[in-house]
Amino acid sequence: IADSLPATLNSNVSIKKVKDDFGTSNMHIVMMDKNMSAKDKQQMFKKIDKVKGVKWTISMSSLIGPSVPDSMIPKDVRKMMQSKDYELAFVSTKYESATDPVNTQIKKIDKIVKSYDKSGMVIGEAPLMKDLQDVTDVDLVNVNIISIAAIFVIILIIFKSISLPVIEFAIMINMAIPYYQGVSLPFVASIVIGAIQLGATVDYAILMTTRYQKERSRGKDKMEAISIAHKTSMPSIISSGLSFFAATFGVACYSQVEMIGSICTLLARGAIISMVVVLLVLPAMFMIFDKLICKTSIGFLGKKAKAQTSEAK
């Protein structure tokens, strides 16, 4: 999140200065049972010290040694690292937060801590970012599933069909482009794109599908129905798509906040991709799956169209 903000901010300038002078450093906090034996604490932190990327560990036992009983430590000193039930220790890492190496490191440290204390936790900035990333990954799947299910129900109610195609791969194309470009995206970008672009794509698709259904119910054959739907829907889809593109692309060019710029760039590109997919791919899908759509849709063909179909047979 800090990297997505302008580099001229005082906070980012100071962070860069610290990194240049002292090198990259991050801190994890281990919260463990206060009553864990000194021997187990010592063994646990020896294992943590061996984890790749760990610079050093500091705990109360490492500062005073396991041979000194807690009763001999002044209360004001113990109060800084101990509470009624828990004790804190610190782990310094050379990795930055929200990176793959630090996430792997946190997993290993957490596994070590849990082997000695099942209620123990690894907390701090990097573990928080890892949890946020894990939650976001789950949310992305849930958002896509719920969105697709909701749109399926809407199409089922409006068109009384279970087979009308829904354009989902336009989002996949949009998200694949940064991957092949090697560009990192904010963790919330996938959810935003999954919700907004899917809605825009289906909106365009429903516009063309409605006209296609109308022409088929009037007795037009599939070629003529698709041609009319394409010609009549194209101006509205193009004007809507380009307006969406212009609004988001302008923000992407102007914004100095990387997170906002990245999301708006994805939205702008997604508007163009969705427009192209609906104009070029959807008519082809109507052509290929026309028989299936007509058979699995209630009232899709009017009486006149059914009569013409029967005569043709």
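Residues numbered from 1 in each chain as written. Predicted model: local features only at pLDDT ≥ 70, side-chain atom pairs only at ≥ 80, totals over all residues. Heavy atoms only, no water.

S.K.: Lay out the overall build of the protein in plain terms, naming residues and giving numbers.
M.R.: Looking only at helices and strands, one finds twelve helices and four strands in the protein. Looking at the 313 residues of the protein, the share that counts as buried comes to 37%. For the protein, the proportion of contacts with a sequence separation of at least 24, taken over those separated by at least 6, is 75%. Carbon and sulfur atoms provide 64% of the accessible area of the protein, an area that totals close to 18,100 Å². (Helix = DSSP H or I, 4+ residues; strand = E, 2+ residues; numbered from the N terminus. Buried < 20%, exposed > 50% of the residue type's maximum accessible area, 1.4 Å probe, protein only. Contact = heavy atoms within 4.5 Å. Areas by Shrake-Rupley, 256 points an atom, 1.4 Å probe, with all protein chains shown as cover.)

S.K.: Lay out the packing of aromatic side chains in plain terms, naming residues and giving numbers.
M.R.: Under the criterion given, the structure shown has three aromatic pairs. Measuring from centroid to centroid gives 5.2 Å for Tyr179 and Tyr180, while their planes differ by 80°, and the two rings are edge-to-face. As far as burial versus exposure is concerned, Tyr179 and Tyr180 are alike and both exposed. Ring geometry for Phe245 against Phe249: centres 5.2 Å apart, planes inclined by 15°, an arrangement best described as stacked. You can see Phe245 and its partner Phe249 sitting in helix α9 (residues 222-254), four residues apart, about one turn around the helix. Judged by its relative accessible area of 41%, Phe249 falls in the partly exposed class. (Phe/Tyr/Trp six-rings, centres within 6.5 Å; stacked < 30°, edge-to-face > 60°.)

S.K.: Which residues make up a nonpolar patch on the surface, and what are the values?
M.R.: A cluster of nonpolar residues, Phe152, Val153, Ile154, Leu156, Ile157 and Ile158, forms a patch on the protein surface that exposes about 540 Å² of accessible area. Of note, Ile158 is situated in helix α6 (residues 125-159). Judged by its relative accessible area of 49%, Ile158 is partly exposed. (Patch = residues over 30% accessible without salt bridge, like charges linked within 9 Å, V, L, I, M, F, W, Y side chains within 5 Å. Salt bridge = Lys/Arg side-chain N within 4 Å of Asp/Glu carboxyl O.)

S.K.: So what's going on with the sheet that holds strand β1 (residues 26-33)? Which residues, and what values?
M.R.: Read from one edge of the open sheet, four strands run β2-β3-β1-β4, paired in antiparallel fashion. Of all strands in the sheet, those with a lone pairing partner are β2 (54-58) and β4 (121-124), marking the two edges. Put simply, the sheet's adjacent strands are angled 30° from each other on average, direction ignored. Along the sheet, helix α2 (residues 38-49) contacts β1, β2 and β3 (86-93); its crossing angle with β2, the most-contacted strand, is approximately 165°. (Pairing = 2+ DSSP bridges. Axes fitted to C-alpha atoms, helices over the stretch in contact; angles between N-to-C directions.)

S.K.: Tell me what's going on with the side chain of Gln105, and back it up with residues and numbers.
M.R.: Position of Gln105 relative to the elements: it lies in helix α5 (residues 100-116). For Gln105, a relative accessible area of 2% gives the class buried. Polar contacts involving the side chain of Gln105 include one to the main-chain carbonyl oxygen of Lys52, which spans 3.0 Å. A polar contact is formed between the side chain of Gln105 and the side chain of Thr93, at a distance of 2.8 Å. The residues touching Gln105, leaving out its near neighbours within four places in the chain, are His28, Val51, Lys52, Gly53, Val54, Thr93 and Tyr95. (Polar contact = N/O pair within 3.5 Å; in protein donor to acceptor, adjacent residues only side chain to side chain.)

S.K.: Can you explain helix α8 (residues 189-217)? Please cite residues and give values.
M.R.: Between its terminal C-alpha atoms α8 stretches 41 Å, which fits the 42 Å expected from 29 residues at 1.5 Å a residue. One or two positions beyond α8, positive phi appears at Gly219, with a value near 105°. (Expected span 1.5 Å × (residues − 1).)

S.K.: Describe the nonpolar core, listing the residues and the values that go with them.
M.R.: Ranked by size, the top nonpolar core spans 15 residues in total, and within it Met208, Tyr212, Ile237, Val278, Leu282 and Phe286 carry the most contacts. Sorting the residues of this core by element identifies α8, α9 and α10 (258-288) as the ones contributing at least two each. Listed in part, the 14 residues of the second largest apolar core include Phe45, Ile48, Ala89 and Val122. (Core = buried A, V, L, I, M, F, W, Y, C linked by side-chain atoms within 4.5 Å.)

S.K.: Describe the pattern of salt bridges, and please don't skip the residues or the numbers.
M.R.: Applying the stated criterion across every chain yields a total of nine salt bridges. Between Asp20 and Lys16 there is a salt bridge; the shortest N-O distance is 3.0 Å. Residue Asp20 and its partner Lys16 are both found in helix α1 (residues 10-22); the two are separated by four residues, about one turn of the helix. When its relative accessible area of 52% is taken as the criterion, Asp20 is described as exposed. The closest approach of N and O atoms between Glu215 and Arg211, which form a salt bridge, is 2.8 Å.

S.K.: Can you break down a positive patch on the surface residue by residue, with the values?
M.R.: A contiguous patch of positive charge, built from Lys52, Lys55, Lys94 and Lys108, is present on the exposed surface. By secondary structure assignment, the location of Lys94 is in the loop between β3 and α5. (Lys, Arg positive; Asp, Glu negative; His and termini not counted. Charge placed at Lys NZ, Arg CZ, Asp CG, Glu CD.)

S.K.: So what about unusual backbone geometry? Which residues, and what values?
M.R.: Although it is not a glycine, Ala98 adopts a positive phi angle of roughly 60°. Looking at the secondary structure, you find Ala98 in the loop between β3 and α5.

S.K.: Could you give me a rundown of α1, with the residues and numbers involved?
M.R.: The end-to-end C-alpha separation of α1 is 18 Å, in line with the 18 Å expected for 13 residues at 1.5 Å each. Downstream of α1 by one or two residues, Gly23 has phi in the positive range, about 85°.

S.K.: Break down the pairing of β1 for me, citing the residues and quoting the values.
M.R.: Of the pairings in the sheet, the one linking β1 to β3 comprises eight bridges and is antiparallel in character. Bridged to His28 within β3 is Val91. Both β1 and β4 contribute to a ladder of four bridges, which runs antiparallel. Following the sheet pairing, Val30 is matched in β4 by Val122.

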